[in-house]
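Residues per chain are reported as follows:
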There are 2 protein chains.
Amino acid sequence: MKICQTIASIRDFVRSVRNKGPVGLVPTMGYFHEGHLALMRRARQECTTVVVSIFVNPIQFGPSEDYETYPRNTERDLHLAREAGVDAVFIPGAAEMYPEGYATYVDVERLTDKLCGRSRPGHFRGVATVVTKLFNIVNPDIAYFGEKDAQQLQVIRKMVRDLNMPVKVVGIPTVREPDGLAMSSRNTYLSPGERRAATVLYRALQQVCRAVAKGERDPVYLQQMMKEIINQEPLVQLEYAEIYQLPDLEPLSVLKGDVLVAVAARCGRARLIDNVRLNMESLGEK
Amino acid sequence: MKICQTIASIRDFVRSVRNKGPVGLVPTMGYFHEGHLALMRRARQECTTVVVSIFVNPIQFGPSEDYETYPRNTERDLHLAREAGVDAVFIPGAAEMYPEGYATYVDVERLTDKLCGRSRPGHFRGVATVVTKLFNIVNPDIAYFGEKDAQQLQVIRKMVRDLNMPVKVVGIPTVREPDGLAMSSRNTYLSPGERRAATVLYRALQQVCRAVAKGERDPVYLQQMMKEIINQEPLVQLEYAEIYQLPDLEPLSVLKGDVLVAVAARCGRARLIDNVRLNMESLGEK
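Let's shift gears to the interface of chain B and chain A. A common way to express how large an interface is: the accessible area buried when the components associate. The interface of chain B with chain A comprises 25 residues on the first partner and 25 residues on the second. Counting residues per element, the ones that place at least two in the side of chain B that touches chain A are strand S5 (104-108), helix H6 (123-138) and helix H7 (150-162) of chain B. A per-element tally of the side of chain B that touches chain A places S5 of chain B first, with five residues. Taken together, the residues of the side of chain B that touches chain A break down into 12 nonpolar, six polar and seven charged. Where strand S5 (residues 104-108) of chain A meets S5 of chain B, five bridges bridge the pair, whose relative direction is antiparallel.

Printed below as a string of structure tokens:
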């Protein structure tokens, strides 16, 4: 497995394998869990060459967020990537990606002014910018992102379509712990008590799924239900529990078509997010 | 010469010639003059395949600007492109480039808050966005831009560097009429009297060149000199006459290194810009 710390070296690597077949990119911030590995395995199935980037992107963190303390373990990450059959890891330093005087940003409007965008101003600008850079550096045919970051996935899909980027974007279902907690590098922040409490996000989402299966279609009722469930958990502070139409994240008055049910909450030092996607047509057919 | 109105068709064309050698792109808004043709000729010299785009980009025009009345003559443009040996013209409609719900924009900060950016808010955002799209659609090895749009050229160079776009940007010197007026599609707006008056921009720039050759290095004095010259012309309303350091367009207190001397003014219906670049080291060597 090739390890590239500079833009020039990963470009050289990709150029050398370009003609062999499709190149897949898995952009990550490292500290791998099974969710990251699921992306790598899918890329391994579909692509001749798999590139993983590991870069804790400073510009997607707010000033009071956890950029400095975000968990890092490069040695373990490289070992896991090698085991997953990755061909090259791109692991640049911050100055390689944002040299002094850096000034260019990519903005996706509307899609970014709700959900996580409301409490994390500038977050999706940072995500869209770094993903644009990674696409231009690696020039992948296919890029893989987790559905756990649902809004991020929609923002990237929209950006790729709007800017005519020659990349196929693939979303991979969320990987969960046995008790339902969505895997996240930030779960490491949780104390044992918080770790137990954190499952309330998944339990609230499951309650929505059950209610919808029974015929409930009122987003206001369902949102209220989620809030009440989450608010019963004293170690968890709800940030949002909302339902939007996919793919444009427009508000909806009755559940139909593709729907995103998304929650975010603080639990100790961790900010946790989770979501489920529901297709009303496929439910109706049952 | 291939004429492509859709993104899919120009992509197919470029894919079919990709392996022959370098692809050059000349992005234009059409209504060709000798300045455009100079870009095409240079591309023809350096590239195996030359693609010209013709697209009057709505998002780089302000609401009170001349998007609707911007001069257009597609038949003549296609004839001139064919004569210049262009291989393909990409001439999309506005809905092909900005379908309903379009939401993604590229911003280059700092470089865009001065000169034309001050009187045309959003202009460079529109330019950076459409150039990003054109680069992603055509995937050129080299792209050609005129030095007449000096700030635009710096913005594009900065964007390409910051976002790691795999494109080489080449600037081509301004082409002038025999009396010095910089060629521009908007010169067609000028009445005969305005056309004569419009040369004052070039005359002011030439006066700066002469003063600098004689040893003047004070930007405040030189700016004032340009303003006085241009203000003597009643048919011309000065917008700015300014001097900045290249490449970052920072203000400077004494002329040194690479310097941009830039002017903008209204003349009848036309907004005219012009500039000269001076290299103080090469002057000093004389």
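Next up on the list: the packing of helix H9 (residues 200-213) of chain B against helix H10 (residues 219-231) of chain B. All names here are of chain B. Between H9 and H10, the shortest axis-to-axis distance is 9 Å and the interhelical angle comes to 150 degrees. Between H9 and H10, the interaxial angle falls into the category roughly antiparallel. Crossing geometry of H9 relative to H10 is assigned as right-handed. Of the residues in H10, those in contact with Val-200, Leu-201, Arg-203, Ala-204, Gln-207, Val-208 and Ala-211 of H9 are Leu-222, Met-225, Met-226, Ile-229 and Ile-230. For the contact of H9 with H10, a count of residues per class yields 10 nonpolar, one polar and one charged.

This part is about the domain arrangement of chain A. All names here are of chain A. According to the domain assignment, chain A consists of domain 1 (2-172) and domain 2 (185-276). For domain 1 and domain 2, the distance between their C-alpha centroids amounts to 26 Å. Mapped onto the side of domain 1 that touches domain 2, the elements with two or more residues apiece are helix H5 (116-119) and helix H7 (150-162). The biggest single contributor to the side of domain 1 that touches domain 2 is H7, with four residues. Residue classes in the side of domain 1 that touches domain 2 are distributed as seven nonpolar, four polar and three charged.

Quick look at the sheet that holds strand S10 (residues 270-279) of chain B now. Residues and elements named next belong to chain B. If you walk across this open sheet you meet the three strands as S8-S9-S10, and the pairing is antiparallel. Whereas interior strands pair on both sides, the edge strands pair on one side only; in this sheet they are strand S8 (236-245) and S10. The sheet shows a mean angle of 15 degrees between the axes of neighbouring strands, direction not considered. Two strands pair when backbone bridges link them, and strand S9 (residues 258-267) and S10 are joined in this way by 10 bridges, in the antiparallel orientation. Bridge assignment links Leu-260 to a residue of S10, and that residue is Arg-277. Packing against the sheet, H10 makes contact with S8 and S9, and its axis sits at approximately 160 degrees to S8.

What follows is about the environment of Ala-265 of chain B. Examined against the element boundaries, Ala-265 of chain B turns out to sit in strand S9. C-alpha of Ala-265 of chain B to C-alpha of Ala-84 of chain B: the two residues are 181 residues apart in sequence and 32 Å apart in space.

Scoring rules and cut-offs
Residues numbered from 1 in each chain as written. Chains lettered and ligands numbered in written order. Predicted model: local features only at pLDDT ≥ 70, side-chain atom pairs only at ≥ 80, totals over all residues. Contact = placed C-beta atoms within 7 Å. Helix = DSSP H or I, 4+ residues; strand = E, 2+ residues; numbered from the N terminus. Nonpolar A, V, L, I, M, F, W, Y, C, P; charged D, E, K, R; others polar. Pairing = 2+ DSSP bridges. Axes fitted to C-alpha atoms, helices over the stretch in contact; angles between N-to-C directions. Parallel < 35°, antiparallel > 145°, perpendicular 65-115°, else oblique. Left-handed = near helix turned anticlockwise from the far one by under 90°. Domains from an automatic or database assignment.

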